[in-house]
Amino acid sequence: MIKKLKAEDIMIEEVHVTSPKDLVAAAKLKMMRCNVGGLPVVDDKRIVGIITHRDVLLAGGEALGLKVNDLMTKELYVANRDTPILEITRIMADKGYQRIPVVENGNLVGLITQSSLIRALAGLD
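Residues numbered from 1 in each chain as written. Predicted model: local features only at pLDDT ≥ 70, side-chain atom pairs only at ≥ 80, totals over all residues. Heavy atoms only, no water.

Observations concerning the environment of Pro101
- Along the chain, the position of Pro101 falls in strand β3 (residues 99–104).
- Residues contacting Pro101, with those up to four places away along its chain left out, are Ile47, Leu76, Tyr77, Val78, Ala79, Leu108, Gly110 and Leu111. (Helix = DSSP H or I, 4+ residues; strand = E, 2+ residues; numbered from the N terminus. Contact = heavy atoms within 4.5 Å.)

Written as structure tokens, this is what we have:
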């Protein structure tokens, strides 16, 4: 059954995002309020990076005054709607990624997290 699953089958469609122009402090606050560990960074619907709670912690307190663009990870692995879940799980396992953006024509359309993957697998009969 898992071999048939694709990104669009388990992706989160309502994704909390931040802008590259936002302050890191604002992105951190949004992550805390939304109870998420990271935010895709979107500029006019196009994904340009990702910032995580871990990024903020490792950068230290002085990073809070920086722009998200200064701290975000810019080189991303992204999936499309048809990417097989097995491929995504291999990337997560090999690279240690906890979230994979799902894009269509460069625009963010969803997000696969370790939690969404576990929920989907737990729901398989």
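As for the layout of surface pockets
- The volume enclosed by the largest pocket comes to roughly 360 Å³.
- If you go around the largest pocket, you meet 15 residues; those closest to its centre are Thr52, Gly96, Tyr97, Gln98 and Arg99.
- For the lining of the largest pocket, the elements supplying multiple residues, two or more each, are β2 (46–52), α3 (53–59) and β3.
- With 3 residues, α3 is the largest single contributor of residues to the lining of the largest pocket.
- Here the residues of the lining of the largest pocket sort into 6 nonpolar, 5 polar and 4 charged.
- One number sums up the size of the second largest pocket: a volume of about 270 Å³.
- Around the second largest pocket, the lining comprises 17 residues; the ones closest to its centre are Ile12, Val36, Gly37, Leu111 and Thr113.
- Of all the secondary structure elements, the ones that give two or more residues to the lining of the second largest pocket are β1 (38–43), β4 (107–113) and α6 (114–122).
- Among the residues making up the lining of the second largest pocket, the classes are represented as 6 nonpolar, 8 polar and 3 charged. (1 Å grid on protein atoms, 1.4 Å probe; cavity = no way out; pocket = protein on both sides within 12 Å on 5 of 7 lines; lining within 4 Å. Points joined across faces, edges and corners; volume = space filled by probe spheres on them. Nonpolar A, V, L, I, M, F, W, Y, C, P; charged D, E, K, R; others polar.)

A few points about the side chain of Thr113
- Tracing the backbone shows Thr113 in strand β4.
- Taking relative accessible area as the criterion, Thr113 reaches 14% and is therefore assigned buried. (Buried < 20%, exposed > 50% of the residue type's maximum accessible area, 1.4 Å probe, protein only.)

As for unusual backbone geometry
- In this structure, Asn35 takes a positive phi of about 55 degrees despite not being glycine.
- For Asn35, the position within the fold is in the loop between α2 (24–34) and β1.
- The phi torsion at Asp44 lies on the positive side, around 55 degrees, for a residue other than glycine.
- A relative accessible area of 70% places Asp44 in the exposed class.

Remarks on the nonpolar core
- Within the largest apolar cluster, 16 residues are counted, with the highest numbers of intra-cluster contacts made by Ile10, Ile85, Ile88, Met92, Ile100, Val102 and Ile112.
- Elements represented by at least two residues in this core include exactly α1 (7–10), α5 (85–95), β3, β4 and α6.
- With 4 residues, α5 is the largest single contributor of residues to this core.
- If you look at the next biggest cluster of nonpolar residues, it comprises 11 residues, including Val24, Val56, Ala63 and Leu71. (Core = buried A, V, L, I, M, F, W, Y, C linked by side-chain atoms within 4.5 Å.)

Considering the pattern of salt bridges
- Applying the stated criterion to the full structure yields 1 salt bridge.
- A salt bridge links Glu104 to Arg81; its shortest N-O distance comes to 2.7 Å. With a gap of 23 residues between them, Glu104 in strand β3 and Arg81 in the loop between α4 (68–71) and α5 connect regions that are remote in the sequence.
- According to the relative accessible area criterion, Glu104 is partly exposed, its value standing at 38%.
- Overall, the relative accessible area of 25% leaves Arg81 in the partly exposed class. (Salt bridge = Lys/Arg side-chain N within 4 Å of Asp/Glu carboxyl O.)

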